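# Chain and residue survey
Chain by chain, the residues:
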Amino acid sequence: MEEFTIKKAVFETSVGLGGTYPEGGVQIAMVGKSNVGKSSLINSLCNNFKLARISSSPGKTRLINFFRVNDAFHLVDLPGYGFAKAPKVEQEKWGRLMEAYLSSGLLTHIFMLIDIRHAPTAEDKQMFEWILYYGVPFTLIATKADKLARSKRQQAANAAAKLLGAPPYAIPYSAETAEGRAEVCARIGAILADAMPGM
Ligand SMILES: Nc1nc2c(ncn2[C@@H]2O[C@H](COP(=O)(O)OP(=O)(O)O)[C@@H](O)[C@H]2O)c(=O)[nH]1
Ligand SMILES: [Mg+2]
C-alpha cells in the first residue's frame, strides 16, 4: 500500500452556484446523503474535528467546501441530498450546484458514502448512476461502522455496495474510532500517485 499521511489541512473556500472553484491539483470529493458522515470523514482523515463543520441539522450545508491538504491537493465536502423536507426549489438548486461541479472536469475522484446500517436509498442509486454517467472514478465508504458488531462490518459494507449496483466492496469507516482511516489514506496515496506520476 502507498505510504501516505495527512500532515496539514486548512479550510480553503466555500463555493455556491455560479462561483469559482479552486483550480488545479487533485480534487477528491465526498458525496452522500445528508447526515451520512461526509464532514466527519474529512475531519477524521485530517485529525481536526473543527475543520469541516459537523452540522447538527441535516441538509443545512448548501455550499461546496474546499480544504487544502498537505499544500498539495483538495478534499471537497459536497452538500448532501435526501433531505426529504427540503423545499423543491432547494432541491433544484442542489442539483444544479452538483451538476456544475461534476461536469467541471476538475474532479479527480469521488468518495461515495453510504451508511453501513442501511440499504442504499433510491437517491443513493440515482447519485451512483450520476457518478457513472460523468465517468468519475470512485471509492465506496460505509460510514458509522462503530454502530455495527465488528464481525458484521465488512459483509454489511459489501452488501450495501452491491445493492447500489457497484462492485461489491466498500471500506468500513468509523469517524469515532478511526477504523478504516489507514485504508482510506492508502487510497488517497494511490489516487495522488496515479494523478501525478513521478511525484
Ligand atoms: N457513531 C458515529 N457517528 C458518526 C460517524 N460519522 C458521523 N457521525 C455522526 O453523524 C452525524 C452527521 O455527521 P456529519 O459528518 O455532519 O454528516 P454530513 O451531513 O454527511 O456531513 C453527526 O452527529 C456525527 O457525529 C461515525 O463514524 N460514527
Ligand atoms: Mg456535512
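Notes on the structure in this doc start here. Being a predicted model, the structure only gives us computed values, none of them experimental.

## Some thoughts on the sheet that holds strand β7 (residues 171-172)
- Pairing within the open sheet is mixed, and its seven strands lie in the order β1-β3-β4-β2-β5-β6-β7. Bordering the open sheet on either side are β1 (9-15) and β7, each of which pairs with just one other strand.
- Note: strand β6 (residues 138-143) against β7, two bridges, orientation parallel. Bridge assignment links I141 to a residue of β7, and that residue is I171.

## Describing the pairing of strand β3 (residues 64-69)
- With six bridges connecting them, β1 and β3 associate as antiparallel partners. Bridge pairing in β3 places V10 opposite R68.
- Relative to strand β4 (residues 73-77), β3 runs antiparallel, the two sharing five bridges. Of the residues in β4, the one forming a bridge with F66 is V76.

## Section: the pairing of β6
- Burial analysis of β6 places five of its six residues in the buried class, which makes it a mostly covered element.
- By the bridge criterion, six bridges tie strand β5 (residues 109-115) to β6 in an arrangement that is parallel. By the bridge assignment for β6, I110 is matched with F138.
- Each parallel crossover has a hand, and for β5 linked through helix α3 (residues 122-134) to β6 it is right-handed.
- Between the parallel pair β6 and β7, the chain is carried across by helix α4 (residues 153-164), and the sense of this crossover is right-handed.

About the cut-offs
Residues numbered from 1 in each chain as written. Chains lettered and ligands numbered in written order. Predicted model: local features only at pLDDT ≥ 70, side-chain atom pairs only at ≥ 80, totals over all residues. Pairing = 2+ DSSP bridges. Helix = DSSP H or I, 4+ residues; strand = E, 2+ residues; numbered from the N terminus. Buried ≥ 20, exposed ≤ 12 C-beta atoms within 10 Å, placed from the backbone. Right-handed = clockwise from strand over helix to strand, strands pointing away.

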